[in-house]
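Breakdown of the fold
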Amino acid sequence: MANHFHHERNKNSYTTRVADEQWTTLIKELLNGQLIQRAADIGCGGGIYSKALCNLGVPKVVGVDYSKPMLAAASENCRNYPQIQFIHGDANALNIASNKMDLVIERALIHHLSELKSCFTEVNRVLKKGGVLIIQDRTMEDIYKIGDEEHIRGWFFTCFPQLKEIENARRFASNEVRTTIEETGFKIVEERKLLETRRVYKTKEALEEDLRQRTGRSILYELSDSQLQLLVEYISRRLPMDKEIREKDYWTVWKAVKV
Ligand SMILES: C[S@@+](CC[C@H](N)C(=O)[O-])C[C@H]1O[C@@H](n2cnc3c(N)ncnc32)[C@H](O)[C@@H]1O
């Protein structure tokens, strides 16, 4: 399912956006003034959030991804950020020394993992004691939010209900995330909901093109090109003409601290 990450043609799937202000505000709140000297962004994709961490004042950031094309695009996207180092590696076996990091973020990564224990154990190894892990992903509760002019993703599942089964198989429930975090040497500090602006499109045609390209929407690789075209038409019929579209996504965010 996740093979598309390794295709050269998809390398810019996670470079075309910038971090939303709501995201930045939430991360600041969760860090609550804690000094972060070194952070790692695991499953960094195109480096959008590695860059956002630097913009929050983190002096050294390591972005890790198992896709070489993604990393090449991330380096290009972050060319003005010499404080970011991108390294090739797997979330379950990081090429990072132990007890080094003050912060690790994993945004939209865990639903691509078959299980959580190995990955959280690895994060625990690279964090210093008292270091923070922030995980951001969608639970089925987030997925099931109905579609509307802002929550475009909700319409994917009314148009193609079979996609819910695929999500069900790959999304972790909050209690599973929490239990595994606690089993791997962390204490859970907070769980928050986030409604994040994904992207603002000047016209609905711009959104339609983004959907056709499946940009940053791995679930759309489960549809054939003709099914995708039906979905684009379905969504287009529900959107007003000549109006900017502010697309938003629902997320769950967990903060844990290494004990
Ligand atoms: C949905 S994208 C999210 C990218 C970025 N974190 C963001 O939020 O824009 C998931 C990323 O995780 C990477 N990835 C998936 N499984 C991985 C693994 N086991 N180890 C390292 N990277 C992985 C993919 O290559 C992809 O770049």
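Every value quoted in this text rests on a predicted model; they were computed, and no experiment measured them. (Residues numbered from 1 in each chain as written. Predicted model: local features only at pLDDT ≥ 70, side-chain atom pairs only at ≥ 80, totals over all residues. Heavy atoms only, no water.)

The next point concerns the pattern of salt bridges. If you walk through the whole model with that rule in mind, you get 27 salt bridges. Where Arg 125 meets Glu 122, a salt bridge forms, and the shortest distance between an N and an O atom there is 2.8 Å. Separated by three residues within a single helix, Arg 125 and Glu 122 lie in helix α4 (residues 117-126), roughly one turn from each other. Of the charged contacts in the structure, one is a salt bridge between Asp 210 and Arg 217, with a shortest N-O distance of 2.8 Å. Residues Asp 210 and Arg 217 agree in their burial class; the two are buried. Ionic contacts of the salt-bridge type, sharing partners, join the residues Arg 138, Arg 153, Arg 198, Arg 199, Asp 210, Arg 217, Glu 247 and Asp 249 into one network. (Salt bridge = Lys/Arg side-chain N within 4 Å of Asp/Glu carboxyl O. Helix = DSSP H or I, 4+ residues; strand = E, 2+ residues; numbered from the N terminus. Buried < 20%, exposed > 50% of the residue type's maximum accessible area, 1.4 Å probe, protein only.)

Buried residues of helix α9 (residues 204-212): Lys 204, Leu 207, Glu 208, Asp 210 and Leu 211, and no others. Looking straight down α9, one finds its buried side chains confined to an arc of 160°; they lie on one side. In this fold, the buried residues of α9 make contact with α6 (153-159), β6 (186-201), α10 (225-238) and β7 (245-258). Phi turns positive one or two residues past the end of α9, at Arg 214, with a value near 60°. (Arc of directions from axis to C-beta. Contact = heavy atoms within 4.5 Å.)

Applying the stated rule across the entire model yields one cavity of 30 Å³ or more. Approximately 40 Å³ is the volume found for the largest cavity. If you trace the largest cavity, you find it lined by Trp 23, Ile 27, Ile 105, Glu 106, Arg 107, Ile 134, Ile 135 and Gln 136. Counting residues per element, the ones that place at least two in the lining of the largest cavity are α1 (21-31), β4 (101-107) and β5 (127-137). Considering only residue class, the lining of the largest cavity consists of five nonpolar, one polar and two charged. (1 Å grid on protein atoms, 1.4 Å probe; cavity = no way out; pocket = protein on both sides within 12 Å on 5 of 7 lines; lining within 4 Å. Points joined across faces, edges and corners; volume = space filled by probe spheres on them. Nonpolar A, V, L, I, M, F, W, Y, C, P; charged D, E, K, R; others polar.)

Moving on: the site of the ligand. The full set close to the ligand counts 19 residues, and Gly 43, Asp 65, Tyr 66, Ala 91 and Arg 107 are the nearest of them. Residue Tyr 66 places a main-chain N or O atom 3.3 Å away from a nitrogen atom belonging to the ligand. Within the contact set of the ligand, an oxygen atom lies 2.6 Å away from a side-chain nitrogen or oxygen of Arg 107. Across the complex, the protein chains shield 98% of the 590 Å² of accessible surface that the ligand would expose by itself. Counting atoms within 2 Å of the grid points, the majority share of the ligand lands in the largest pocket. Along the lines of polarity and charge, the residues of the shell around the ligand split into 10 nonpolar, five polar and four charged. (Near = heavy atom within 4 Å. Polar contact = N/O pair within 3.5 Å; in protein donor to acceptor, adjacent residues only side chain to side chain. Areas by Shrake-Rupley, 256 points an atom, 1.4 Å probe, with all protein chains shown as cover. Sits in = over half its atoms within 2 Å of the grid points.)

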